[in-house]
Amino acid sequence: MRSEHTSAVAPPGVAGLKALPPLSLYVHIPWCVKKCPYCDFNSHEARGEAPERDYVQALIADLELALPQIWGRRVYSVFFGGGTPSLFSARAIEELLNAFRARLNLAADAEITLEANPGTFESAKFRDYRNGGINRLSIGIQSFDAAKLQALGRIHNGDEARRAIGIAQAHFDNINLDLMYALPQQTLREAEQDIDSAVAFGTGHVSAYQLTLEPNTLFHRHPPPLPDAELAADMQDMIEARLAGAGFLNYETSAFAQPGRECRHNLNYWRYGDYLGIGAGAHSKLSFPDRMLRQMRHKQPRAYLQNTADGSPLQAEHTVLRKDLGFEFMMNALRLSGGFEVALFAERTGLALAAVEQPLQEAARRGLIRRDHVRIAPTKRGQRFLNDLLQLFLPPGGSDSSSA
């Protein structure tokens with residue numbers, strides 16, 4: 001994250017937004033039972049009890065400090081991510097939601113998601129989450145195969161994964177199942193069994209991610225035996241076909257939903273909407289009529305708690321430079337299979353589409369996008385080679401912006 005840019009030393013960001021984009025709230029709870037060897041998220045093993053009481057108070061204080069930047073704006077979705085948010089009690093989550101409602105203009109029909117680990121499921125606890133205001137659950141299944149779960153360092157087994165989904169379905173009608181493929185020594189048939197098991201539960205949303213070796217993870221330092229690129233591509237093709245056959249729309253690179261069950265919170269990210277992130281290491285993107293800010297909270301939980309108590313939860317903040325706006329927008333919007341309406345580019349960036357006309361023409365020439373006067377969307381080739389497509393929009397000298 002770069003240090004703050006100001007108009008005195010850098011070109012201004014947004015030329016002038018006619019209206020501010022929709023706003024979401026992200027809440028990061030950084031603790032988990034065990035750090036998975038593939039995970040590069042800001043998550044920390046809870047050695048003993050996580051400081052739930054102190055952290056809830058810090059989140060509320062963090063929000064109050066941010067209120068002047070979002071005052072009066074309606075919030076359309078809330079997402080509790082981690083880590084493992086389901087480590088926190090239902091009482092703590094309800095207290096936070098009550099605090100949010102008291103301080104924010106939270107839409108009556110707001111989508112409110114909680115990420116949950118199958119190893120933390122208790123029926124009464126999840127009933128209380130639902131009664132406390134959570135209306136969407138995202139369950140980190142990853143696989144139903146006991147050997148694969150062990151290789152991934154997960155704390156649950158296949159039977160516990162199935163039991164967790166059953167408990168979730170008793171209390172929630174809006175559920176996402178997170179799966180991974182191209183796992184250590186995974187065969188195409190094993191990946192097929194995982195996706196078929198997920199489909200059989202009848203949930204409305206499935207996320208399917210290819211396992212990748214991320215820097216600063218145990219798997220990156222000690223790589224497990226993974227399927228080769230050709231087999232991983234076959235798995236991706238199989239997953240897309242299986243889910244399409246079950247009525248799921250592949251509406252984003254790794255997201256599949258039954259009609260009307262798309263994740264509204266994530267759609268706001270991909271449409272270059274705004275989001276306030278509170279909690280350790282959380283990122284924000286906030287628009288104003290004349291500028292756009294990106295922020296990051298202090299990453300280490302202890303530092304976050306201390307600095308928030310001192311009234312300074314931000315570790316870094318910078319203005320998005322005008323030259324980066326086109327790339328940032330495309331980096332999000334071109335993840336969507338249906339792309340974006342042409343008018344949305346100017347609406348969310350304050351720039352005319354002419355600012356990215358040259359890379360758009362090159363992308364079309366390479367068969368990476370399809371476009372008309374109404375909509376621009378990636379082709380199937382563009383979806384498969386998304387990084388190549390996005391690189392066309394990088395400003396000269398690279399981007400100064402950090403993604404969230």
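Since we're looking at a predicted model, the values are computed, not measured.

### Some details on the nonpolar core
Counting residues in hydrophobic clusters, the biggest one holds 70 residues, and the most contacted among them are Phe80 and Phe100. Broken down by element, this core gets its largest block of residues, 9 residues, from helix H1 (residues 52-70). Beyond its immediate stretch of four places on either side in the chain, Phe80 contacts Val27, Ile29, Pro85, Ile93, Leu96, Leu97, Phe100, Ile112, Thr113, Leu114, Glu115 and Ile134. Counting 26 residues, the second largest nonpolar core, distinct from the first, contains Leu351, Leu360, Leu386 and Phe393.

### Some remarks on the environment of Gln69
Residue position: Gln69 is located in helix H1. Excluding residues within four positions of it along the chain, Gln69 makes contact with Leu286, Phe288, Leu293, Gln295 and Glu317.

### Section: the confidence of the model for the chain
Atomic detail in the predicted coordinates should be set aside for any region of low pLDDT. Summary statistics for the chain give a mean pLDDT of 92 and a share of 95% for residues scoring 70 or more. Contacts for the low-pLDDT stretch residues 1-11, under 50 throughout, to residues beyond four places or in other chains number 21 contacts.

### Describing the packing of H1 against helix H10 (residues 301-309)
Running from N to C, H1 and H10 point in directions that differ by 50°, and their axes come no closer than 9 Å. For the element pair H1 / H10, the angle class is oblique. In terms of crossing hand, the pair formed by H1 and H10 is left-handed. Counted together, Asp54, Tyr55, Ala58, Leu59, Ala61, Asp62 and Leu65 of H1 and Tyr304, Leu305 and Thr308 of H10 form the full contact between these two elements. Counted by class, the contact of H1 with H10 contains 7 nonpolar, 1 polar and 2 charged residues.

### Looking at the packing of aromatic side chains
Counted according to the given criterion, the structure contains 13 aromatic pairs. The interplanar angle of 55° and the centroid separation of 5.7 Å between the aromatic rings of Tyr55 and Tyr304 together place this pair among those described as tilted. One end of the pair, Tyr55, is in helix H1; the other, Tyr304, is in helix H10, and 249 residues separate them in sequence. Each member of the pair, Tyr55 together with Tyr304, is buried. Here Phe329 and Phe340 contribute two aromatic rings whose centre-to-centre distance is 4.9 Å and whose plane-to-plane angle is 85°, an arrangement assigned as edge-to-face.

Reading the values: rules and limits
- Residues numbered from 1 in each chain as written.
- Predicted model: local features only at pLDDT ≥ 70, side-chain atom pairs only at ≥ 80, totals over all residues.
- Heavy atoms only, no water.
- Core = buried A, V, L, I, M, F, W, Y, C linked by side-chain atoms within 4.5 Å.
- Buried < 20%, exposed > 50% of the residue type's maximum accessible area, 1.4 Å probe, protein only.
- Helix = DSSP H or I, 4+ residues; strand = E, 2+ residues; numbered from the N terminus.
- Contact = heavy atoms within 4.5 Å.
- pLDDT = per-residue confidence, 0-100.
- Axes fitted to C-alpha atoms, helices over the stretch in contact; angles between N-to-C directions.
- Parallel < 35°, antiparallel > 145°, perpendicular 65-115°, else oblique.
- Left-handed = near helix turned anticlockwise from the far one by under 90°.
- Nonpolar A, V, L, I, M, F, W, Y, C, P; charged D, E, K, R; others polar.
- Phe/Tyr/Trp six-rings, centres within 6.5 Å; stacked < 30°, edge-to-face > 60°.

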